[in-house]
Amino acid sequence: MSERLINVADFERVAAGKLDAGALGYFAGGAGDELTLRDNVEAWGRWRLRPRVLAGLSTVSTEVELLGAPLALPVLVAPVAYQRLVDPEGEIGMARAAAAAGTVMTLSTLATTRPSELAAAVPLGRRWFQLYCFKDEAVTRGLMEEAVEAGFEAIVVTVDAPRGGNRERDLRTGFEIPATVGVPSVAAAMGVERAVTIAETFALMNPALGWPDLERLAAESSLPVLVKGLLTAEDAELALAHGAAGVIVSNHGGRQLDRALATGDALPEVVEAVAGRAAVLVDGGIRRGIDVATALALGADAVLVGRPALWGLAAAGSAGVGQVLELLRAELELALALCGCASPAGLGRAHVRKAPAASLYSAE
Ligand SMILES: Cc1cc2nc3c(=O)[nH]c(=O)nc-3n(C[C@H](O)[C@H](O)[C@H](O)COP(=O)(O)O)c2cc1C
């Protein structure tokens, strides 16, 4: 009898049982002692909701508007590399589920599917393209042009990975991307198809990127550019000053700088700095609809999920991603109803406060 999977943790357990040690370590793991990996999940639980009652709501909607377009739920699919390692359809299955759920799929530069291939396979889906800048500028330019041509709606520039993080699980397993799982961007940059390690892959990227590069990219791009991977008010200010249409508060799912701030702790200062001038998104450790509600109450316009969607794909392919997105949507809808909000727009700072129990993080 097949077991009913009712929450993200159930999907994670099933996915973990299907993946070999190398792939599981790569997808589940973080940097160093994995403190930030754990802290991302725990940080959302350090906030408490302040529900309002007798709100007289007969219907509740999870719809939002983001960058001028509607989304059925404020949960997007984060860019996650190498999806054909967990499912034969890979990014195409992920994109189909995101489209069916009415949300955006963000395609990684390190995808096993080209931007044009994804667009052809899932023409009606909304998609953003995540950009890593290669040392070889022609590769970067080629990727961006292909994404624009293929109807991607935004460019997400990831800025927290000038080098690959210290992923000790990958070192222990000797994890490599097999040559049989083609990564078109990496093959273009290396000029050959062979098995590569994550460290070799990051060594292809330009580590010396600076704010002037972002400004040039934003000026040259016909699409809105979002900066993914900042954690401070200072960098949010700089991102806006250099042309970003939005920021994504992220520490790369705890995979880059261990002991970097958890995103649920960093979000308030970024929201305050941005002050409504641009979109603010956040990812890292979102596992429940109440995590989404907390992030929105703290001022995020939407969240992204990395591993939850990936666990769905690994557990049951595209249908599994659909189930994960629907359970998060249903959990969010329930949280909204129980907080007295007719829609995500109704959530505000008054709906959330730090957990009252004494903790190192108790200062508001
Ligand atoms: C296995 C894996 C691969 C990832 N690959 C990328 C990537 O190629 N580009 C990128 O910008 N972020 C990448 N990320 C980071 C995610 O976009 C996102 O920031 C993170 O997964 C959010 O945390 P969560 O997994 O707790 O939801 C990756 C994350 C994971 C887990």
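The structure reproduced in this document is the subject of the present report. Since the model is a prediction, treat every value here as computed from it, not as a measurement.

**Quick word on the overall build of the chain**
Each helix and strand counted, the chain has 14 helices and 12 strands in total. Relative to the 2.2 N^0.38 estimate, which gives 21 Å for 364 residues, the radius of gyration of the chain is 19 Å and therefore close to what a compact globule would have. Dimensions of the chain along its principal axes, counting C-alpha atoms only, are 65 × 55 × 40 Å. Burial analysis of the chain (364 residues in total) assigns 55% to the buried set. Partitioning the intrachain contacts of the chain with sequence separation of at least 6 by distance along the chain shows that 71% fall at a separation of at least 24. Of the side-chain charges in the chain, 32 are positive and 43 negative, and the distance between the mean point of each set is 5 Å.

**Some remarks on the site of the ligand**
In the region of the ligand, 23 residues are neighbours, and P79, S108, T158, D283 and R287 sit closest. A distance of 3.3 Å separates an oxygen atom of the ligand from a polar atom in the side chain of S250. Against a free-state accessible area of 600 Å², the protein chains account for coverage of 99% of the ligand. If you list the elements that add at least two residues to the shell around the ligand, you get helix 2 (21–28) and helix 14 (307–339). When the residues that make up the shell around the ligand are grouped by side-chain class, the tally is 9 nonpolar, 9 polar and 5 charged.

**Focus on the environment of E65**
Relative to the helices and strands, E65 is located in strand 2 (residues 64–66). Given the relative accessible area of 61%, E65 is considered exposed. Considered as a pair, E65 and A31 are 34 residues apart in the sequence and their alpha carbons are 34 Å apart.

**Regarding unusual backbone geometry**
The backbone of E34 sits at a positive phi, close to 65°, despite the residue not being glycine. For E34, the location among the structural elements is in the loop between helix 2 and helix 3 (35–44). For E34, a relative accessible area of 13% corresponds to the buried category. Non-glycine residue H252 carries a positive phi angle of around 65°. Within the secondary structure, H252 sits in the loop between strand 9 (246–249) and helix 12 (263–274). For H252, a relative accessible area of 13% translates into the label buried.

**Some points on the packing of helix 4 (residues 91–101) against helix 14**
The relative placement of two packed helices comes down to the angle between their axes together with the axis-to-axis distance. Taken N-terminus to C-terminus, the directions of helix 4 and helix 14 make an angle of 15°; their axes are 8 Å apart at the nearest point. Here helix 4 lies roughly parallel to helix 14, going by the angle between them. Note that helix 4 runs across helix 14; the crossing there is left-handed. Each of G93, M94, R96, A97, A98 and A101 in helix 4 lies in contact with helix 14, whose residues at this interface are A309, L310, L313, S318, V321, G322 and L325. Partitioned by chemical class, the residues of the contact of helix 4 with helix 14 number 9 nonpolar, 3 polar and 1 charged.

**Some remarks on the side chain of K354**
In this structure, K354 sits in strand 12 (residues 352–354). Take K354: its relative accessible area is 7%, and that puts it in the buried class.

**Some points on the nonpolar core**
F27 and L267 are the most contacted members of the largest nonpolar core, which has 105 residues in total. In terms of residue count, the dominant contributor to this core is helix 14 (15 residues). If we skip the residues at most four places from it in the chain, F27 touches L19, V80, A81, Y82, L85, V86, R255, R307, L310 and W311. Within the second largest apolar cluster, 15 residues are counted, among which are L66, W128, I248 and L281.

**Observations regarding the pairing of strand 5 (residues 104–107)**
Along a regular strand, successive side chains alternate from one face of the sheet to the other. Residues V104 and T106 line one face of strand 5 and the alternating positions M105 and L107 line the opposite face, and both faces are buried. As judged from the 4 bridges shared by strand 5 and strand 6 (residues 126–131), these two strands associate in the parallel manner. Paired with L107 across the strands is F129, a residue of strand 6. What joins strand 5 to strand 6 is helix 5 (residues 115–121), and the crossover it makes is right-handed.

Cut-offs applied
Residues numbered from 1 in each chain as written. Predicted model: local features only at pLDDT ≥ 70, side-chain atom pairs only at ≥ 80, totals over all residues. Heavy atoms only, no water. Helix = DSSP H or I, 4+ residues; strand = E, 2+ residues; numbered from the N terminus. Rg over C-alpha atoms; globule rule 2.2 N^0.38 Å. Buried < 20%, exposed > 50% of the residue type's maximum accessible area, 1.4 Å probe, protein only. Contact = heavy atoms within 4.5 Å. Lys, Arg positive; Asp, Glu negative; His and termini not counted. Charge placed at Lys NZ, Arg CZ, Asp CG, Glu CD. Near = heavy atom within 4 Å. Polar contact = N/O pair within 3.5 Å; in protein donor to acceptor, adjacent residues only side chain to side chain. Areas by Shrake-Rupley, 256 points an atom, 1.4 Å probe, with all protein chains shown as cover. Nonpolar A, V, L, I, M, F, W, Y, C, P; charged D, E, K, R; others polar. Axes fitted to C-alpha atoms, helices over the stretch in contact; angles between N-to-C directions. Parallel < 35°, antiparallel > 145°, perpendicular 65-115°, else oblique. Left-handed = near helix turned anticlockwise from the far one by under 90°. Core = buried A, V, L, I, M, F, W, Y, C linked by side-chain atoms within 4.5 Å. Pairing = 2+ DSSP bridges. Right-handed = clockwise from strand over helix to strand, strands pointing away.

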